[in-house]
Every structure is written in C-alpha cells, then in structure tokens.
Amino acid sequence: MSSQKSTAAVEPKRARGRARVEAILVAASSVFAEQGYDRATMTEIAARSSTAIGSLYRFFPTKDTLGEALLQRFFELLEGAFDELAERAADLSPRALSDALVHAFRSSASDDLRAGVAAVLEGRGDVDQLRRDFRVRRRKQVARILRIANAALEPADAQARATVIFYLLKGEDSLAQEEPTASRRVAAELRGLIAYYVAEAIRGPAP
C-alpha cells in the first residue's frame, strides 16, 4: 500500500471549515499578489489568515493545491456571472445586454482576487494552456448568450461574434485594471464597440 499523501484540496463540510477555507483563500490572494507566487510561503499565508499551519496543510496539502483552488474560485465566479446573465439575456435590450456583459466580465471577482490569480498564473508553467482553456470557455458562454438573445443566430456566426466580443471585453477590462486614469473617451469607445457587435448579433445575421 502506498504511503504517499494526497495532494488534493479538502472540501470542508461544516460552515466553520468553509469559513476557514475562505479566509485562507483571501489571505493567499493577498500574499501571492504582494510577494509573487514563487516567493510566497504557506507559513505567511497561515499567519495572514490566522490559521494554524497544520490546519492550512490539512485543507491544502501544497502551495500548488492552494494556487489551483484560487484559480478555480475565480473561474467559478466568472462562469456563474455569465450563466446568470444567460438566464435573462432574452429580456434585455442590446445596450443593456452589452453593459451586462461588461459588468459580468469585470465585476464578478474582486480586485484582490484578480491580483492573486494573476500572480498564480505568472508563477505556473502551464499558464498558456490555462489561458487557452479560459478563453475557450468564456467565448462559448458569450456565444450561448447571443443565441439566447437571438434564436435565429447560426452557431458559427454566434461563435465568430463571441470571439470578437470576448477580446473587446478583455481589452476594456485590461484598460480599467492597468490604466484606471485612462481617457474616458477611450473606455467609451471600447464599450461602444462591444455594444455595436452585441446589437448586430441580436438584430440579425451577419452581412
């Protein structure tokens, strides 16, 4: 029988355990963002979250396990925001849907979580694959939202438009994160482009 310990995160069943995991993830996000993923230590994360080091390792056996949990939390929040939007997409005007897409992409996770996730991605060797998976999943969700808003939209057309909209959303979000004092005119131009592509998808087939 193998004596190798499991490196999988432990999902707590009790409310107290879930609260402890939440505190650990919040602390890990801050420590990763401040010190970088490679330099961050589990000891510092335990101290920052007021968690005994043994308890931290019980929930997250390795730093990689903790980093993966942080990534999963971010992906789940964003996926949930897009799924929620899909449920009401058919009732929204083109402009309202466009604004909702921007809000879902930008506001589903806190700035602290985003900073921690960025540090984890920068410190991991499989970042390219993770980013590709993220882009594919988000484009599929946007395409689904467009087809809910316009049932006549062909799948291939929805996917093509979703790809353009996704990169516009990414650009608008990057501008807000990296250049918060950027010209309002530039930000408005990006949001205007998103609104244009959303409106075109909802109103009819591609020319």
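Scroll up for the structure.
Since the model is a prediction, treat every value here as computed from it, not as a measurement. (Residues numbered from 1 in each chain as written. Predicted model: local features only at pLDDT ≥ 70, side-chain atom pairs only at ≥ 80, totals over all residues. Heavy atoms only, no water.)

Visitor: Hey, could you go over helix α6 (residues 111–123) for me, with residue numbers and the actual values?
Guide: When the terminal C-alpha atoms of α6 are compared, their 19 Å separation across 13 residues agrees well with the 18 Å that a helix rising 1.5 Å per residue should span. Buried within α6 we find Leu 113, Arg 114, Gly 116, Val 117, Ala 119, Val 120 and Leu 121. (Helix = DSSP H or I, 4+ residues; strand = E, 2+ residues; numbered from the N terminus. Expected span 1.5 Å × (residues − 1). Buried < 20%, exposed > 50% of the residue type's maximum accessible area, 1.4 Å probe, protein only.)

Visitor: Describe the side chain of Lys 63, listing the residues and the values that go with them.
Guide: Residue position: Lys 63 is located in helix α4 (residues 63–88). One buried charged side chain, Lys 63, makes no salt bridge at all; its nearest oppositely charged neighbour is Asp 38, positioned 5.4 Å away. If near-sequence neighbours (up to four positions away) are discounted, Lys 63 is found in contact with Phe 32, Tyr 37, Asp 38, Ala 40 and Met 42. (Lys, Arg positive; Asp, Glu negative; His and termini not counted. Salt bridge = Lys/Arg side-chain N within 4 Å of Asp/Glu carboxyl O. Contact = heavy atoms within 4.5 Å.)

Visitor: Describe the packing of aromatic side chains, naming the residues involved and giving the relevant values.
Guide: In this structure the tally under the stated criterion is 8 aromatic pairs. Here the aromatic rings of Tyr 196 and Tyr 197 are separated by 5.4 Å at their centres, their planes lie at 85°, and the arrangement is edge-to-face. Clustering of aromatic rings is evident, with ring pairs tying together Phe 74, Phe 75, Phe 105, Phe 134, Phe 166 and Tyr 167. Sitting above the plane of the Phe 59 ring, Arg 58 keeps its charged end 5.5 Å from the centroid. Taking NZ or CZ as reference, Lys 63 lies 5.0 Å from the ring centre of Tyr 37, over its face. (Phe/Tyr/Trp six-rings, centres within 6.5 Å; stacked < 30°, edge-to-face > 60°. Lys NZ or Arg CZ within 6 Å of the ring centre and 35° of its normal.)

Visitor: How would you summarise the packing of helix α5 (residues 94–107) against helix α9 (residues 184–203) if you had to cite specific residues and measurements?
Guide: Contact pair α5 / α9: the axes reach a minimum separation of 8 Å and the direction vectors enclose 125°. Put simply, α5 runs oblique to α9. With respect to the hand of their crossing, α5 and α9 are arranged in right-handed fashion. When α5 is examined against α9, the residues Pro 94, Arg 95, Leu 97, Ser 98, Leu 101, Val 102 and Arg 106 are found in contact with a partner set consisting of Arg 191, Ile 194, Ala 195, Val 198, Ala 199, Ile 202 and Arg 203. Looking at the contact of α5 with α9 residue by residue, the classes come out as 9 nonpolar, 1 polar and 4 charged. (Axes fitted to C-alpha atoms, helices over the stretch in contact; angles between N-to-C directions. Parallel < 35°, antiparallel > 145°, perpendicular 65-115°, else oblique. Left-handed = near helix turned anticlockwise from the far one by under 90°. Nonpolar A, V, L, I, M, F, W, Y, C, P; charged D, E, K, R; others polar.)

Limitation: the analysis is restricted to geometry and does not speak to function.
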